[in-house]
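Coordinates in review
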Amino acid sequence: MDKRLKHTKINSSKKAVPLVLAIGYIFVSLLLFSHLLSSQAFAFNPKGQTVTFSDFSFIRDIASTNNRVFFATTGGLIVYNKFSESWEQPLTGKYGIDDNDIRRVWADHFGQDIYVQSSTELFKYDSLVERWYQISELPQLLSEQKVVAPPKVMFAPKGFNYLNDGRLVDQEGRYYTFNNTIEDATGTLWIGTWGLGAATASGTSGHIDLLPYGLLQNRVNAILMDEEFLWLAGAIIDNYRSGITIFDPEYNEFEHIESGLSRDFPALDINCLASNENFVFAGSELGIMVFDRQTLQPVDRLKRRDGLTDENVLSLAIRGDSIFAGTASGLNLILPATDSQRVTGPAELFGQIIYDLELVDTTLWIAASRGAYRWFFTTGKLQLFQDPHLIIFSKCLAIERWQEFLWLASSDGLLRLNLKTGQTEPYRSVTIDRNYRALAVNDTIAVASSSLGFTMLFHDNPKPYTREFTTDDGLPSSYIFDLKLQGDYLWIGSDKGLTRFLWNNPSRVD
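To start, this report covers the structure provided alongside it. For every chain, the first residue of its written sequence is number 1, and the numbers climb from 1 along that sequence. Only residues with pLDDT of 70 or above have their local features reported here, since the model is predicted, and side-chain atom pairs are shown and tallied only from 80 upward, although totals for entire chains, interfaces and linings are computed over all residues. Only heavy atoms go into the side-chain values, all of them from the structure, while hydrogens and water stay out.

1. Some thoughts on the pattern of salt bridges
Salt bridge, as applied in this entry: a Lys or Arg side-chain nitrogen positioned within 4 Å of an Asp or Glu carboxyl oxygen. For the structure on display, the rule yields 14 salt bridges. The partner of Glu258 in a salt bridge is Arg174, and the shortest N-O contact between them spans 2.9 Å. Of this pair, Glu258 sits in strand E20 (residues 253–258) while Arg174 sits in the loop between strand E12 (167–170) and strand E13 (175–183), and the two are 84 residues apart along the sequence. Among the salt bridges present, the one from Asp226 reaches Arg293, with a minimum N-O distance of 2.8 Å. Within this pair, whereas Asp226 is found in the loop between strand E17 (222–225) and strand E18 (230–233), its partner Arg293 is found in the loop between strand E23 (287–292) and strand E24 (298–302), the two being separated by 67 residues in sequence. Helix numbering and strand numbering both begin at the N terminus, where a helix is a DSSP run of H or I of at least 4 residues and a strand a DSSP run of E of at least 2.

Here you go:
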């Protein structure tokens, strides 16, 4: 009896130990798996979250497949569809690689596998999860393209001359070298220029067709949205070409109004954009440029001699044919927008920096260096906004209206003002330590530029909360100058181009 009991106890003990270990192993495994999923969620951007459009005119390498051509540019990898003769979405903003550091590109004949080389590493693109993976060596690829020298005789596009050493020269005397030239299986030439973007030519006729794509310059200070297009402009910095870029997001097409080609539109930094039915207005460091919407030609430039208190125009608002211009030292109202002008403005704002303007019915709200103001421009009365929460205590950096609410931004946070009731609600968690601020609002979120990128405030939640988005989330830069909301997308203007951000991404956990 004792032996049986002892034996039973021993057997029971032997079974219990593995069971405990198994349970512990499963528990630890679940913890590790949960941690892995969590770290993956933070490490990898959700599919389709960001795409960045920038200056793609400097091409380092080309790869051709049976139906596509891949151009490795200083702004990332762009894709041209041979069959539709149109550009596809660029392969930018994908996790795992620096878009600005792609030096070489390869693809197999069917375009299923894409490989690139950066300054130090090789990568393969996984289209299923839209990310790049490092690889140790380049595999053998089936490809029928061949690298060729630029032909001695070619027929240049309008406005250019072709030199037999493989260069185009424009009417301004600027040279654009053929950095890469390949011939595909059909005998078509695909050309990568240094400064003018992609081009193609028939191997028999030699007629060169430019394939313009992307922005004229990388820095986007201002985004103007109308029914069909995005108008983009910014500072020149060190760009070879500059001006205004017009982007059609639906058809993925670009058109350019290049500056510096005539005295009517000199090369200058553009700070802001606004429009009415007939004209587009660009506030610049040298006054206000006026463009005809139909012809895209400059028709006027308003300067100090036209009554501006300062030619450095930082903000614009348009009401009919009247222009409200916020400058680095005051506010001007120009009546009318064309022909002879009459300029007025509140004397109390003289010497103040006018960062932003927002028209609300028959009043103009003003974000200025000494606070926020409301100007009754029909009577000339000016009121200083008194914020009971002291968020807009001194400097107001941005103003945005959404339905019956007015949002105001400072370095200390955001303030929401109900225009009907006068009730205010502060959001101190949205802060910044810079002297500029971009702001965009809809019925669900408010987005404001921050020191690291931008902060998204989910204000419609019963308990409003924020989330910060940075370069780790696919942003090309933390320097953001303008924000615009359009449906499920947030358009971001930075010093590295225009980024389309899927703010309402169902794959992301906020």
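There is more to say after this.
2. Some details on the packing of aromatic side chains
Put simply, two rings from Phe, Tyr or Trp (the six-membered ring, in Trp's case) pair if the centres are within 6.5 Å, and we call them stacked under 30 degrees between planes, edge-to-face over 60, tilted for the rest. Under the criterion given, the structure shown has 27 aromatic pairs. Centroid distance Phe247 to Trp491: 6.1 Å. Interplanar angle 85°. Geometry classified as edge-to-face. In this pair, Phe247 sits in strand E19 (residues 243–248) while Trp491 sits in strand E42 (residues 489–494), placing the two residues 244 residues apart along the sequence. The same class applies to Phe247 and to Trp491, which are both buried. Members of the aromatic cluster, connected to one another through ring pairs, are Phe53, Phe56, Phe71, Tyr80, Trp87, Trp190, Tyr213, Phe247, Phe254 and Trp491. Over a ring means this: the NZ of a Lys or the CZ of an Arg is within 6 Å of the ring centre and within 35 degrees of the ring normal. Positioned above the aromatic ring of Tyr240 is the side chain of Arg174, whose terminal nitrogen or guanidinium carbon lies 6.0 Å from the ring centre. If you follow Arg434 out to its NZ or CZ, it ends over the ring of Tyr479, 4.1 Å from the centre. We call a residue buried when its accessible area falls under 20% of the maximum for its residue type, exposed when it is over 50%, and partly exposed in between, using a 1.4 Å probe and counting protein chains only.

3. Here we look at the sheet that holds strand E25 (residues 313–319)
Here we have 4 strands laid out as an open sheet, ordered E25-E26-E27-E28, and antiparallel in their pairing. Edge positions in the open sheet fall to E25 and strand E28 (342–344), since each of these has one partner strand only. Averaged over all pairs of adjacent strands, the angle between strand axes in this sheet comes to 20°, irrespective of strand direction. Examined bridge by bridge, strand E27 (residues 330–335) and E28 share 3 bridges and lie antiparallel to one another. Counted as the bridge partner of Leu333 is Thr344 from E28. Between any two strands, pairing holds if DSSP finds at least two bridges. Axes, fitted as lines to C-alpha atoms, cover a helix only where it is in contact. Angles between the N-to-C directions of the axes lie from 0 to 180 degrees.

4. A short note on the sheet that holds strand E33 (residues 398–402)
By definition, the strands of a sheet pair up through backbone hydrogen bonds, in either a parallel or an antiparallel sense. Strands sit in the order E33-E34-E35-E36 across an open sheet of 4 strands; the sheet is antiparallel. Of all strands in the sheet, those with a lone pairing partner are E33 and strand E36 (424–427), marking the two edges. Each adjacent strand pair in this sheet contributes to an overall mean axis angle of 20°, direction not counted. Where E33 and strand E34 (residues 405–410) come together, 5 bridges link them in antiparallel fashion. Note on E34: the bridge partner recorded for Arg401 is Leu406.

By themselves, these observations are geometric and do not establish any function.
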